Amino acid sequence: MTTPTTPTSPPSSTEAAPTRSGRPSSRLSQVTVPSMPQSVASTAAKSSFVQVTSNPLVPPPPLAVKKDPKLANNWKTKTPEELTDAEVIAMPDSEYMNDKQMAFFRLKLQALKRGILENAGETTEHLREDTVVVPDPADRATIEEEHALELRTRDRERKLLKKIEQSIQRIDAGDYGYCDETGEPIGVGRLLARPTATLSLEAQQRRELKQKMFGD
């Protein structure tokens, strides 16, 4: 008589083989890059952010104008027409924008105005002379390009002419040489380089930085 055997159930899949998700393979562990701890990643992000933003745009310092002490008193014995740029720079700061300096810069502005008007007259003559039709297309294109460039130059000078007129009016009102924003002296050196300047160097640099940053 045979003893009946109790059938055994087949092992479940969970018991038959270890789960793959529970233990990564050795090859996978070699290629997997260990993740950075959250605190370290946060600290690294903050440090990189601070490094980028810790360098604000700072305008360069203005260049100092060298004064020749030997020329400091020449303005007392000379007329505005006789004064040179070096003699005006050498004048004491206490004499800034006195009558002779005002007259000196008025003469500079008027000379600049005359030069612009003469250039405008020459441009008109050039355009009138070049009205002859040139048969060669290449030569005709070159002439037209030269005319366009000259007209753009005259347009810039036309805008400068308006600033010159405003500067002369500022001299008549006694406001010439002082910054429109801060009221501080613009400086003789800057006015010699740009007689139509209405802002000090620092104020001009601040405005340019704002325009670069905000596109205004």
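Details of the structure are given in the entry above.
This is a predicted model, so every value here is computed, not measured.

Asker: I would appreciate a short explanation of the pattern of salt bridges in the present structure.
Answerer: A side chain with one charge may pair with a side chain of the opposite charge, provided their charged atoms come close. Using the criterion set out here, one finds 7 salt bridges in the structure. When the shortest N-O distance is used, the salt bridge between arginine 106 and aspartate 172 registers 2.4 Å. One end of the pair, arginine 106, is in helix H5 (residues 99–129); the other, aspartate 172, is in helix H6 (residues 137–173), and 66 residues separate them in sequence. For arginine 106, a relative accessible area of 25% gives the class partly exposed. Overall, the relative accessible area of 54% leaves aspartate 172 in the exposed class. Put simply, glutamate 165 and lysine 113 hold a salt bridge, and the shortest N to O gap is 2.5 Å. You can see glutamate 165 sitting in helix H6 and its partner lysine 113 sitting in helix H5, a full 52 residues away along the chain.

Asker: Help me out: how do you make sense of the environment of lysine 76 in this one?
Answerer: Considering the arrangement of structural elements, one finds lysine 76 in the loop between helix H3 (38–53) and helix H4 (85–89). Lysine 76 gets classed as exposed once you look at its relative accessible area, which sits at 55%. Put simply, lysine 76 and lysine 100 are 24 residues apart on the chain and 9.0 Å apart in space, counted from C-alpha to C-alpha.

Asker: What exactly am I supposed to notice about the nonpolar core here?
Answerer: The nonpolar side chains of soluble globular proteins are, as a tendency, buried together. Counting 25 residues, the largest nonpolar core has Val88, Met97, Phe105, Tyr176, Val188 and Leu191 as its most contacted members. For this core, the elements supplying multiple residues, two or more each, are H4, H5, H6 and helix H7 (188–193). Not counting the four nearest positions on each side in its chain, tyrosine 176 is found in contact with Met97, Met102, Phe105, Leu109, Ser167, Arg170, Ile171, Leu191 and Pro195.

Asker: I'm lost on the packing of aromatic side chains in this one. Help?
Answerer: Both the distance between ring centres and the angle between the ring planes are used here to describe each pair of aromatic rings. Evaluated as defined, the whole model comprises 3 aromatic pairs. Aromatic side chains tyrosine 96 and tyrosine 178 sit 5.5 Å apart centroid to centroid with 85° between the ring planes, which places their arrangement in the edge-to-face category. Taken together, the positions of tyrosine 96 in the loop between H4 and H5 and tyrosine 178 in the loop between H6 and H7 put the pair 82 residues apart, joining distant regions of the chain. In this structure tyrosine 96 comes out as buried when scored by relative accessible area, which is 15%.

Asker: Any chance you could explain helix H8 (residues 201–214) here in plain terms?
Answerer: Counting along an α-helix, one turn takes 3.6 residues, and residues three or four places apart therefore face a common direction. Helix length check: H8, at 14 residues, gives a terminal C-alpha distance of 20 Å against a target of 20 Å (1.5 Å per residue), a fit within 8%. All of the buried residues in H8 are Ala203, Gln205 and Leu209. Taken around the axis of H8, the buried residues stretch over an arc of 160°, which confines them to a single face. Opposite the buried face of H8, by more than 90 degrees, sit the exposed residues Lys210 and Phe214.

What counts, and where the lines are drawn
- Residues numbered from 1 in each chain as written.
- Predicted model: local features only at pLDDT ≥ 70, side-chain atom pairs only at ≥ 80, totals over all residues.
- Heavy atoms only, no water.
- Salt bridge = Lys/Arg side-chain N within 4 Å of Asp/Glu carboxyl O.
- Helix = DSSP H or I, 4+ residues; strand = E, 2+ residues; numbered from the N terminus.
- Buried < 20%, exposed > 50% of the residue type's maximum accessible area, 1.4 Å probe, protein only.
- Core = buried A, V, L, I, M, F, W, Y, C linked by side-chain atoms within 4.5 Å.
- Contact = heavy atoms within 4.5 Å.
- Phe/Tyr/Trp six-rings, centres within 6.5 Å; stacked < 30°, edge-to-face > 60°.
- Expected span 1.5 Å × (residues − 1).
- Arc of directions from axis to C-beta.

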